[in-house]
Amino acid sequence: MTYRELIEEQKKKYPGAAARENEPMSAHTSLKIGGEAAAYFEPVSAEELKSIVSACAEEGLRYFVLGKGSNVLFADGRLDLAVISTSGLSEIKTEGETITAGAGAALSKIASAALAASLTGFETLHGIPGSLGGAVYMNAGAYGGEIKDVCESVTVLENGEIREYAARDCDFSYRHSAFEDKDAVIISARFRLKPGDPEKIRAIMRDLSDRRRAKQPLEFPSAGSTFKRPTGDFAARLIEAAGLKGRQNGGAQVSEKHAGFLINRGGATFEDFYGLMVTVQKEVFKFSGVLLEPEVRIIR
């Protein structure tokens with residue numbers, strides 16, 4: 001089966017399904033970089049997602065599940081793979097002190113739903129520019145809070161079956177979950193929060209948003225923090241100490257505002273950005289002996 005045939009098959013199964021050829025990934029990532037995926041899908045149900053993933057597995061077609069694209073760097077040119085966006089799986093439900101959200105739900109919208117229900121525990125995740133699926137996959141966190149702190153369970157598609165993992169079985173650690181080591185697709189997750197004062201929750205969200213705007217180069221396309229925090233230190237400090245703040249490679253640059261962010265100043269290509277990542281790794285290692293590990297997922 002070809003990618004085109006896969007698209008045609010899914011459209012027959014699900015009339016009106018969002019399924020396209022040669023979709024530019026630059027339009028679906030926060031970095032605004034990336035070539036054209038051979039096939040692109042936006043399933044709106046777990047069943048439709050399962051159909052696409054199962055077909056790819058059976059036919060030996062490469063696929064990649066994409067959230068909001070805030071932590072991904074795609075190569076330029078033709079990408080021989082099917083990209084499956086979770087944007088259509090974004091429902092958010094509140095029941096008592098729990099919130100259940102689909103993989104495509106934006107963290108900011110989940111935090112807003114928690115605020116509307118006077119629930120606390122999710123506010124530190126409010127400003128992370130990503131979707132739930134990616135956040136669970138990498139145990140995203142900011143300002144002292146992580147997904148693992150509030151996650152109760154995760155529902156995934158694994159080996160053609162839909163199953164639920166309790167949080168204790170997700171192996172959450174710094175920027176890691178068990179799903180990085182499994183052939184599983186995150187469908188949704190449930191969070192247990194606590195009753196809180198909405199004014200205090202709103203104040204925390206506002207304060208963290210102000211701090212982000214003040215410290216981070218939000219005016220340029222980026223993938224957030226490009227490298228993971230090394231043990232006992234900070235990537236931004238090491239990059240700046242190595243004299244790399246402002247270093248540029250084509251349209252890619254180490255931000256002059258926050259050295260932990262590599263940004264697209266305009267027209268950056270995959271080679272520009274990836275080349276700058278490699279340069280930063282080499283120079284920081286030469287300066288400090290620390291090898292920075294990418295937080296950004298690289299898809300070629």
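These figures come from a predicted structure and were not determined experimentally.

Asks: What should I look at first to understand the packing of helix H1 (residues 3-13) against helix H2 (residues 46-59) in this one?
Replies: When two helices pack together, their arrangement is captured by the angle between the axes and the distance separating the axes. Running from N to C, H1 and H2 cross one another at 150 degrees; their axes reach a closest spacing of 11 Å. Relative to H2, H1 is oriented roughly antiparallel. Viewed along their axes, H1 and H2 form a crossing whose handedness is right-handed. Contacts from Leu6, Glu9, Gln10 and Lys13 in H1 reach Glu48, Ser51, Ile52, Ala55 and Cys56 in H2. For the contact of H1 with H2, the residue count by class is four nonpolar, two polar and three charged.

Asks: I would appreciate a short explanation of the packing of aromatic side chains in the present structure.
Replies: Pairs of aromatic rings are described using the distance from one ring centre to the other and the angle between the two planes. Tallied over the entire structure, the rule returns four aromatic pairs. Here the aromatic rings of phenylalanine 64 and phenylalanine 74 are separated by 5.7 Å at their centres, their planes lie at 90 degrees, and the arrangement is edge-to-face. Pair noted here: phenylalanine 64 is in strand E3 (residues 63-66) and phenylalanine 74 is in strand E4 (residues 72-74), with a separation of 10 residues, a long-range link. The positively charged end of arginine 163 is found above the aromatic ring belonging to tyrosine 165, 4.0 Å away from the centroid. Lying over the aromatic face of tyrosine 274, arginine 300 brings its terminal NZ or CZ to 4.5 Å of the ring centre.

Asks: Could you clarify how one ought to interpret H2 in this entry?
Replies: Structurally, the α-helix is built with 3.6 residues per turn, so residues lying three or four positions apart point the same way. Taking 1.5 Å per residue, 14 residues should reach 20 Å; H2 reaches 20 Å between its end C-alpha atoms and fits that length. Those residues of H2 that fall on the buried side of the exposure criterion are Ala46, Glu48, Leu49, Ser51, Ile52, Val53, Ala55 and Cys56. Within two residues after H2, glycine 60 carries a phi angle of roughly 70 degrees, on the positive side.

Asks: Explanation requested: the state of the cysteines in the structure shown.
Replies: Such a bond, covalent and formed between the sulfur atoms of two cysteines, is termed a disulfide. The tally for this structure, following the rule as stated, stands at zero disulfides. The thiol of cysteine 151 is unpaired, and the distance to the nearest cysteine sulfur, on cysteine 170, comes to 5.4 Å.

Asks: I would appreciate a short explanation of the nonpolar core in the present structure.
Replies: Soluble globular proteins tend to pack their nonpolar side chains together in the buried interior. Ranked by size, the top nonpolar core spans 56 residues in total, and within it Phe41, Phe74 and Ile239 carry the most contacts. When near neighbours in sequence (up to four residues on either side) are disregarded, isoleucine 239 contacts Phe227, Leu244, Lys245, Val254, Ala259, Gly260, Val280, Val284 and Leu292. Counting residues in hydrophobic clusters, the runner-up holds 37 residues, among them Ala101, Met138, Ala142 and Leu193.

What counts and what doesn't
- Residues numbered from 1 in each chain as written.
- Predicted model: local features only at pLDDT ≥ 70, side-chain atom pairs only at ≥ 80, totals over all residues.
- Heavy atoms only, no water.
- Axes fitted to C-alpha atoms, helices over the stretch in contact; angles between N-to-C directions.
- Helix = DSSP H or I, 4+ residues; strand = E, 2+ residues; numbered from the N terminus.
- Parallel < 35°, antiparallel > 145°, perpendicular 65-115°, else oblique.
- Left-handed = near helix turned anticlockwise from the far one by under 90°.
- Contact = heavy atoms within 4.5 Å.
- Nonpolar A, V, L, I, M, F, W, Y, C, P; charged D, E, K, R; others polar.
- Phe/Tyr/Trp six-rings, centres within 6.5 Å; stacked < 30°, edge-to-face > 60°.
- Lys NZ or Arg CZ within 6 Å of the ring centre and 35° of its normal.
- Expected span 1.5 Å × (residues − 1).
- Buried < 20%, exposed > 50% of the residue type's maximum accessible area, 1.4 Å probe, protein only.
- Disulfide = S-S within 2.5 Å.
- Core = buried A, V, L, I, M, F, W, Y, C linked by side-chain atoms within 4.5 Å.

Without other data, these values stay purely geometric and don't point to any function.
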